[in-house]
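Summary of structural features
This is what each chain is made of:
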Amino acid sequence: MKAMILAAGLGSRMRPLTDHCPKPLLPVAGKPLIEHHLERLAAAGFREVVINVSYRGEQIVAALGDGQRFGLRLAFSREPTPLETAGGLRHALALLGDAPFLLLNGDVWSDIDLAQPTLTAGDLAHLAMVDTTDFHPRGDFHLDIDGRLHAEGEPRLVYAGVGVIHPQLVADLPDGEAAKLAPLLLAAMRARRVGGWHHRGDWVDVGTPQRLADLESRLRQA
């Protein structure tokens, strides 16, 4: 299975740190955040990783190279302007191929076993879910006892930014147009084609300078 890291965002919530540095290259515990992801992917057995880039994307390409030093083969999906998540996936399909792939948000930190997720036959997505947080108390979706995700229902969980996606989920989108992932997931949920699991371990949305600083402090003390 290939993996894809989302790294094309503007990093607006991280300003001023991202005024001159793309968010994936912000350092955490002595190395860029995206390098932690690449090392974990390699340790989990992945060998091919696609990374979408846009804002200061060439800095990311220059910093990571071909991936050989991580034991990986890297391919970059360049977006002249950010295409949102679904648009970015659609644009990268030529690099990802026709098989399901692991999707990883570039701005999360977790101890999720990246070798664990699989896609049930007929499903379009299988997503890691975590407990609600103070900055997202409403959550995203409901996970039922059969491991199916729903737009409605209680209790609710937060999408962790890790999951397996089938290319068919985005294949019908026009290439090169911005599109959000949530509407596609909701439609697939209504068709009962989205599964998930509840991750109860470590997870951080590294979305603000304060959360980045908190993670840095915690990892330095570990």
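Okay, so let's go over this structure.

About the criteria used
- Residues numbered from 1 in each chain as written.
- Predicted model: local features only at pLDDT ≥ 70, side-chain atom pairs only at ≥ 80, totals over all residues.
- Heavy atoms only, no water.
- Buried < 20%, exposed > 50% of the residue type's maximum accessible area, 1.4 Å probe, protein only.
- Helix = DSSP H or I, 4+ residues; strand = E, 2+ residues; numbered from the N terminus.
- Pairing = 2+ DSSP bridges.
- Contact = heavy atoms within 4.5 Å.
- Core = buried A, V, L, I, M, F, W, Y, C linked by side-chain atoms within 4.5 Å.
- Arc of directions from axis to C-beta.
- Phe/Tyr/Trp six-rings, centres within 6.5 Å; stacked < 30°, edge-to-face > 60°.
- Lys NZ or Arg CZ within 6 Å of the ring centre and 35° of its normal.
- Polar contact = N/O pair within 3.5 Å; in protein donor to acceptor, adjacent residues only side chain to side chain.

In terms of burial, strand β11 (residues 156–165) is a largely internal element, ten of the ten residues being buried. Bridging between strand β6 (residues 101–105) and β11 involves four bridges; their strand directions are antiparallel. Residue L103 lies in a different strand from β11, and its bridge partner there is G163. Pairing of strand β8 (residues 125–130) with β11, which is carried by five bridges, proceeds in the antiparallel orientation. In the strand pairing of β11, M129 is matched with Y159. Note that strand β9 (residues 141–143) and β11 share two bridges and pair antiparallel. What sits directly across from H142, in β11, is R156.

Position of L186 relative to the elements: it lies in helix α4 (residues 182–190). Once the C-alpha coordinates of L186 and F141 are considered, the two residues, 45 residues apart in sequence, prove to be 9.2 Å apart. Look past the residues within four positions of L186 in its chain and what remains in contact with it is F141 and A151.

Our focus in this paragraph is the nonpolar core. Judged by nonpolar contacts, the single largest core of 32 residues is most densely connected at L38, L41, V49, I51 and L64. Those elements giving two or more residues to this core turn out to be β1 (3–6), α1 (33–43), β4 (48–53), α2 (57–64), β5 (73–78), β6, β8 and β11. Leaving out residues up to four positions away in the same chain, L38 has contacts with I5, V49, I51, L64, F70, L72 and L74. I165, L169, L185 and V194 belong to the second-largest nonpolar core, a separate cluster that totals 28 residues.

The complete set of buried residues in α2 reads G57, I60, V61 and L64. Each buried residue of α2 sits inside an arc of 100° when the element is viewed along its axis, so together they form one side. Looking at the buried positions of α2, the neighbouring elements they touch are α1, β4 and β5. Looking at the residues trailing α2, positive phi occurs at G65, about 65°.

Now for the packing of aromatic side chains. Evaluated as defined, the whole model comprises zero aromatic pairs. The lysine or arginine in question, R211, covers the ring of F135, its NZ or CZ lying 3.8 Å from the ring centre.

Bringing the environment of G30 into the picture now. Note on placement: G30 falls in the loop between β2 (27–28) and β3 (31–32). The class for G30 is exposed, based on a relative accessible area of 62%. G30 sits 20 residues away from V50 along the chain, and the two C-alpha atoms are 23 Å apart.

Of all the eleven residues making up α1, eight are buried; the element is thus mostly covered by neighbouring parts of the structure. Every buried residue of α1 is listed here: L33, I34, E35, H36, H37, L38, L41 and A42. Taken from the residues just after α1, G45 is the one with a positive phi, measuring 100°.

With that settled, consider the side chain of H142. Mapped onto the elements, H142 comes out in strand β9. Taking relative accessible area as the criterion, H142 reaches 12% and is therefore assigned buried. A polar side-chain atom of H142 sits 2.8 Å from the main-chain carbonyl oxygen of P155. If near-sequence neighbours (up to four positions away) are discounted, H142 is found in contact with R148, L149, H150, E152, G153, E154, P155 and R156.

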